[in-house]
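Take a look at the letters that make up each chain.
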Amino acid sequence: MILNRSLVGLMFSAALVLVTSSGMAHATDYTVKQASIAEYIHLQGVVESTNSATVSAQVSGRIEAVNVDVGDQVEAGATIVTITSVDQYQAVAQAQAQVAAARATLVAEQQEFDRVTKLVAQKLVPDAELDRAKARLDNANAQLKAAQAAAKRAQEQLSYTAVKAPYSGVVSERLVEPGELVQPGTPLMSGFDPAELRVHVDLPALFAPAVEQFKWAEVAGLKPVAQRLFPTIHSASSTVRLRLNLPADGNLLPGQWLPVVVQVGEHEGLLVPQQAVLQRGELTMVRMQDNSWRAVRLGLTQNGQVEVVSGLKAGEVIRYE
């Protein structure tokens, strides 16, 4: 029986050595080095569209058709709402008639001016007649220009009955239905361009110089394509607004709350892989190259690494699996 226990003990020891050796074969040694460690502040920001607008009626009338609905993709220049245009067509017809009449008057006055000019040259009528003919011709010319301007305005008013999208985007709100009576200024439809989104965040004013220096930020893991720090400080909150333009392929929507990380400084420190740090009870430990354990105090964590504030020195080697 004693012999059997000894044999079992030897077998257990051999297995332990084998397992330990196998585990140690996959261990990684890491030399602790001094590195620059970025300092960040974490904020929350709301996504908004750079191009967003509410299209309003520019003429009075009744809604004839609403061609798009909420969520529809609209191309720039597409007709989104049509307003009944009977009054506008009549105004255009009347203006065009006035142009024709003014043009006929101008032709008649031009002919009269040419006739009087010949008579004056032949000394058959006094020079005063030529002056009066010239005044009538100038008046006719002015009347034609005024009629043409009125026709242009009437045509422009007619064009307002077909309400067009100012830019490509997505309809976010439909504000009218067919049959409704609208006046100039009545909101018709809202939309935004999903290709150009941005986030505004307010950060403490004391960080403004550092934000301007480092120019590094991240919005929900996305790198902004541009950022701008506003040049004024909000007096009540002592904050500065930071605007971050987002990439077009972020699959984001206006109104979303997103985490924002902004770099506000950096310092020198020691970084070790995060997996090299183990929690043993209340102690935070790392294993040294000689397989001994050492307690450490940690700082910032970033990019899979953690700062060691105390417990290690540059050049020391730690081991982890």
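Everything below is about the structure printed above this text.
A quick note: this is a predicted structure, and the numbers were derived from the prediction, not measured. (Residues numbered from 1 in each chain as written. Predicted model: local features only at pLDDT ≥ 70, side-chain atom pairs only at ≥ 80, totals over all residues. Heavy atoms only, no water.)

A.B. asks: I'd like to hear about the layout of surface pockets, residue by residue, with values.
C.D. replies: Computed from the structure, the largest pocket encloses a volume of approximately 170 Å³. In terms of lining, the largest pocket is formed by Ala38, Tyr40, His42, Trp216, Glu218, Val261, Leu300, Thr301, Gln302 and Asn303. Of all the elements in the fold, those that place two or more residues in the lining of the largest pocket are strand E2 (33-49) and strand E19 (297-302). Grouping the constituent residues of the lining of the largest pocket by class yields five nonpolar, four polar and one charged. (1 Å grid on protein atoms, 1.4 Å probe; cavity = no way out; pocket = protein on both sides within 12 Å on 5 of 7 lines; lining within 4 Å. Points joined across faces, edges and corners; volume = space filled by probe spheres on them. Helix = DSSP H or I, 4+ residues; strand = E, 2+ residues; numbered from the N terminus. Nonpolar A, V, L, I, M, F, W, Y, C, P; charged D, E, K, R; others polar.)

A.B. asks: Help me get a handle on the side chain of arginine 319, residues and values and all.
C.D. replies: Here arginine 319 shows up in strand E21 (residues 317-320). Side-chain polar atoms of arginine 319 contact the backbone oxygen of glutamine 289, separated by 3.3 Å. (Polar contact = N/O pair within 3.5 Å; in protein donor to acceptor, adjacent residues only side chain to side chain.)

A.B. asks: Lay out unusual backbone geometry with the relevant residues and their values.
C.D. replies: One non-glycine residue, lysine 123, lies in the positive phi region at around 60 degrees. In this structure, lysine 123 sits in the loop between helix H2 (86-121) and helix H3 (127-159). One non-glycine residue, lysine 215, adopts positive backbone phi at about 50 degrees. Secondary-structure assignment places lysine 215 in the loop between helix H4 (208-214) and strand E12 (217-219).

A.B. asks: Break down the nonpolar core for me, with residues and values.
C.D. replies: Membership of the largest hydrophobic core comes to 23 residues, with the highest contact counts inside it found for Leu242, Val260 and Val262. Contributions of two or more residues to this core are made by E2, strand E11 (197-204), H4, E12, strand E14 (239-245) and strand E15 (257-273). What leucine 242 contacts, discounting residues up to four positions off in sequence, is Val199, His200, Val201, Leu203, Val211, Gln227, Arg228, Leu229 and Val262. Core analysis: the next-biggest nonpolar cluster, separate from the first, contains 17 residues, Val55, Val59, Val68 and Leu188 among them. (Core = buried A, V, L, I, M, F, W, Y, C linked by side-chain atoms within 4.5 Å. Buried < 20%, exposed > 50% of the residue type's maximum accessible area, 1.4 Å probe, protein only. Contact = heavy atoms within 4.5 Å.)

A.B. asks: Got a sec to walk through empty space enclosed by the protein? Specific residues and values, please.
C.D. replies: What the rule picks out here adds up to one cavity of 30 Å³ or more. Looking at the largest cavity, its volume works out to about 150 Å³. In terms of lining residues, the largest cavity is bounded by 15 residues, among which Ala165, Pro166, Tyr167, Ser190 and Gly191 are the most central. Among the elements of the structure, strand E3 (52-56), strand E8 (169-174) and strand E10 (187-192) are those that each provide at least two residues to the lining of the largest cavity. When residues of the lining of the largest cavity are assigned to their parent elements, the largest contribution, four residues, is made by E10. Its residues assigned to classes, the lining of the largest cavity comprises eleven nonpolar, four polar and no charged.

A.B. asks: Residue-level account of the pairing of E15, with values.
C.D. replies: For E15, a buried count of twelve out of 17 residues is recorded, marking the element as mostly surrounded by other parts of the structure. Both E2 and E15 contribute to a ladder of 14 bridges, which runs antiparallel. Looking at the pairing, glutamate 39 lines up with glycine 265 of E15. Here E12 pairs with E15 via three bridges, running antiparallel. (Pairing = 2+ DSSP bridges.)

Any functional reading would require information that these geometric values do not contain.
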